[in-house]
Amino acid sequence: MMTEPGEMREYSGAALSSFVVGLSEHQAVVDKLLAESGVDRIDPEAWYELEWAFDLFDKIERELGRAAVIKVGRSMVETAVYPPEIDSAQKILSSVGYWWALNARGPDIGTMTCEWEDEHHAVIECTAYRARCTLVIGILEGACMRYGISPLVEHGPGSCIQQQTGPMCVYRVSW
Amino acid sequence: MPLFEPTARTELLSSLTARLAKRRMSAFSLLGEDVCRVHVEAAVDALERDSVTGKAEAMRAAAVAMVTTFLPESLGYSDLCFFTRLLRERALELGREDQRGAIEQWCYEHLAVSTTHFMVQRDDALQRQAAKRDIERYESQLAELRVALDEKTQLLELIREASTPIAPVVPGILVVPLVGTFDRFRAGLLTERLLDEIAKTRARVAILDISGVPVFDTDAAQLIVRLARSVRLLGAQVILVGMSPHNARTIVELGVDLDGIVTCRALQDGLRSALATQRLELVSIA
Ligand SMILES: [Zn+2]
């Protein structure tokens, strides 16, 4: 499943391994799913086929449910190392596009953008390739929680990548 | 003096409508510009009327109507904030200078009312969902019970069939071999079927073979007596066969009155006796 740089869509082993670490309380299930996918451990230095990585996310969501995936999203951001200049919920949400660009590479991987309606209302537009709202909602919540804020994250109606009803997901984060 | 000059008012309405309708992937854009315009006008109208009375009264109806209209299209809390924030910004900009405080206060209350109504409706939807889940659960329990009941009914039917075979051995004579415990339940089933069968076949004699009943006690005897009386009412008679010596002793000891029911030792004797009443006889073919 590890890949060489090139024309493929890839997902970073670092992000994937933080996802797996976030699921440590379901270790047995994760090990089983990883083994089924033909891998026994995630190498944080490597890059993995994006399709493969997201198939794994989907399997995990089917097996453990939405709530577990949201929780993983939260813990991924809470434990991630960020540069010191990122010191507020506003800054971390604004940098969500970099987060995606750091973790995925290849043609047409899409983007995540953040716009502010005012200082407590952010609109995140996501066209990230095969974005999984469950995980993204968790990530957006975790980004705020890192700075002691419990936000309300609402998914806009009308289009959703995961539900396959449109090419983008819009999230509105309020607190 | 009006809160907004006519040109400012037109500008307010059209800019708010356009901004709402353009809000990407929201209840506003989903319902479209015309619906947005109706609610923008209602809000601006209410703001103007309330600025005359000094009370935020007209606002309530407008806010509630707005939430009610957009909620089915997944209106979110952030949409409410957006609506009021936009209205506040533009109204402060385009309204009368001396009314700024009143506009601020009105918008504050507008958001409070629309949020409250939003919460109420959402709570309601959650309750309905929970109720629906309850109903679904009851329905599935009911379905399970129905399946169980069907299985039970089939089982009972099977027991009925298996436990009380009624064989018309000769025209006019039925043989009923009883096997197993003879209790009130089985007596009820047997009576029903036997009376049916007697009526259908115009039988004159029903031979009850109790050799397969392990304990023939007072209760069982009384049930047989009652059964025999019912049979007699149809103009037929009961012959009891297969009484074991042990059961016979019990019946004597308990002083049970068999009410004139003919008893024979073995099925053959019973048959012979029954044939006699039919003016027929049993002939050995060996
Ligand atoms: Zn989505």
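All of these numbers come straight from a predicted model, not from anything done at the bench. (Residues numbered from 1 in each chain as written. Chains lettered and ligands numbered in written order. Predicted model: local features only at pLDDT ≥ 70, side-chain atom pairs only at ≥ 80, totals over all residues. Heavy atoms only, no water.)

(A) Summary view of the coordination of the zinc ion. Residues and elements named next belong to chain A. Coordination of the zinc ion by the protein is provided by Cys133 (SG), His155 (NE2), Cys160 (SG) and Cys169 (SG), with metal-donor distances spanning 2.1 to 2.3 Å. Motif for the zinc ion, donor spacing along one chain: C-x21-H-x4-C-x8-C. Of the two residues, Cys133 is situated in helix H7 (residues 133-145) and Cys160 in the loop between strand S6 (152-155) and strand S7 (169-174); the sequence distance between them amounts to 27 residues. (Donors = N, O, S within 2.8 Å, 3.2 Å for Na, K, Ca; no water. Helix = DSSP H or I, 4+ residues; strand = E, 2+ residues; numbered from the N terminus.)

(B) The arrangement of the sheet that holds strand S2 (residues 173-179) of chain B in detail. Residues and elements named next belong to chain B. Across the sheet, which stays open at both edges, the 5 strands sit in the order S1-S2-S3-S4-S5 with mixed pairing between neighbours. Where the open sheet ends on each side, the last strands, each with one partner, are strand S1 (167-170) and strand S5 (262-264). Each neighbouring strand pair of the sheet contributes to a mean axis angle of 30°, computed without reference to strand direction. Sheet topology places S1 next to S2; 3 bridges connect them, and they run antiparallel. (Pairing = 2+ DSSP bridges. Axes fitted to C-alpha atoms, helices over the stretch in contact; angles between N-to-C directions.)

(C) Representation of the nonpolar core. In terms of nonpolar packing, the biggest core is built from 56 residues, with A:Tyr11, A:Trp52, A:Trp100, A:Met112, A:Leu140 and A:Tyr171 touching the most fellow members. Setting aside residues up to four positions removed in sequence, A:Tyr11 forms contacts with A:Leu16, A:Trp47, A:Tyr48, A:Leu50, A:Ala53, A:Phe54, A:Phe57, A:Met76, A:Trp100, A:Asn103 and A:Ala104. Ranked by size, the runner-up nonpolar core spans 39 residues in total, among them B:Leu3, B:Leu12, B:Ala46 and B:Leu87. (Core = buried A, V, L, I, M, F, W, Y, C linked by side-chain atoms within 4.5 Å. Buried < 20%, exposed > 50% of the residue type's maximum accessible area, 1.4 Å probe, protein only. Contact = heavy atoms within 4.5 Å.)

(D) Representation of helix H5 (residues 77-94) of chain B within the structure. With 18 residues, H5(B) extends 26 Å from end C-alpha to end C-alpha; this agrees with the ideal 26 Å at 1.5 Å per step. Burial analysis of H5(B) places 14 of its 18 residues in the buried class, which makes it a mostly covered element. (Expected span 1.5 Å × (residues − 1).)

Interpretation in functional terms is not warranted from these geometric data alone.
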